[in-house]
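# Examination of the molecular architecture
What follows is each chain in one-letter form.
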Amino acid sequence: MSNIDPLSSGYASLEPQSPPSAVWPQTLVGVGILLTGLALGFGAIGISSEAGYGGVGPNFLPWLVSVALTVCGAWIIWESRTGGFREMDAPSGAVQTYWSGFAWVTAGLLLNAALITTIGFILSCTLCYLLAVQGLRRASGQAAVNAPRTWTTDIVTGLLISAPVFWLFTKFLAINLPGLTTTGWL
């Protein structure tokens, strides 16, 4: 038997350490997630539990999400209070906020909300995608953000994402989304 102290030989203590002040933001994130899960569970109490299609009632998904959020929130709190998040990568990005990129993304979201009933789901979501991607490209410092090819690629990609989503909801799920025409295809 050896008289070697395990703490002095490089082994880490399994006892929770008192957290430094840097883990308070991590703890607050965990508390926010935990409270969100509990609030969702409280809201799910009022949803009918009568079994629907496949034996699952309408309150199943809210309860599932509530339990998952509550468990994740408690886990994050425990993790932060026992020494903080381990093996985190160094933060990436700029030290300062890139307000121009923020403005592009915000403009995309606001224009989507303002124009969706006027120009339809497909075009308003394509515009939202275009502006948001332009803001993210500028924030990351990508070259050629003003090149016509980049704008064309972003427009086509936005159309390729929004059109199938629109058709899936309107044609297959029979959920009405604002369209440009009454045919249900645009």
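A brief look at the structure comes next. (Residues numbered from 1 in each chain as written. Predicted model: local features only at pLDDT ≥ 70, side-chain atom pairs only at ≥ 80, totals over all residues. Heavy atoms only, no water.)

So, on to the side chain of Asp-154. Inspection of the secondary structure assignment puts Asp-154 in helix α5 (residues 148-172). The residues touching Asp-154, leaving out its near neighbours within four places in the chain, are Tyr-129, Leu-130, Val-133, Gln-134 and Arg-137. (Helix = DSSP H or I, 4+ residues; strand = E, 2+ residues; numbered from the N terminus. Contact = heavy atoms within 4.5 Å.)

This paragraph deals with helix α1 (residues 24-44). Across its 21 residues, α1 extends 30 Å between first and last C-alpha, which sits within 8% of the 30 Å expected from 1.5 Å per residue. Taken together, the buried positions of α1 are occupied by Gln-26, Thr-27, Gly-30, Gly-37, Gly-41 and Ala-44. The buried residues of α1 occupy an angular sector of 115° when projected down its axis, which confines them to one face. Of the exposed residues in α1, those oriented more than 90 degrees away from the buried face are Leu-28, Leu-35 and Phe-42. Buried residues along α1 sit in contact with α2 (60-81). (Expected span 1.5 Å × (residues − 1). Buried < 20%, exposed > 50% of the residue type's maximum accessible area, 1.4 Å probe, protein only. Arc of directions from axis to C-beta.)

On to the pattern of salt bridges, then. What the rule picks out here adds up to one salt bridge. In this structure, the salt-bridge partner of Arg-137 is Asp-154, at a minimum N-O distance of 2.7 Å. Of this pair, Arg-137 sits in helix α4 (residues 121-140) while Asp-154 sits in helix α5, and the two are 17 residues apart along the sequence. (Salt bridge = Lys/Arg side-chain N within 4 Å of Asp/Glu carboxyl O.)

Another point: the packing of aromatic side chains. In the structure shown here, the tally under the stated rule is three aromatic pairs. When the ring of Phe-121 is compared with that of Phe-166, the centres are 5.9 Å apart and the planes differ by 25°; the resulting orientation is stacked. Linking Phe-121 in helix α4 with Phe-166 in helix α5, this pair joins segments that are 45 residues apart in sequence. Residue classification places Phe-166 among the buried positions, given a relative accessible area of 1%. When the ring centre of Trp-24 is taken as origin, the NZ or CZ atom of Arg-81, which lies over that ring, is 4.2 Å away. (Phe/Tyr/Trp six-rings, centres within 6.5 Å; stacked < 30°, edge-to-face > 60°. Lys NZ or Arg CZ within 6 Å of the ring centre and 35° of its normal.)

Limitation: the analysis is restricted to geometry and does not speak to function.
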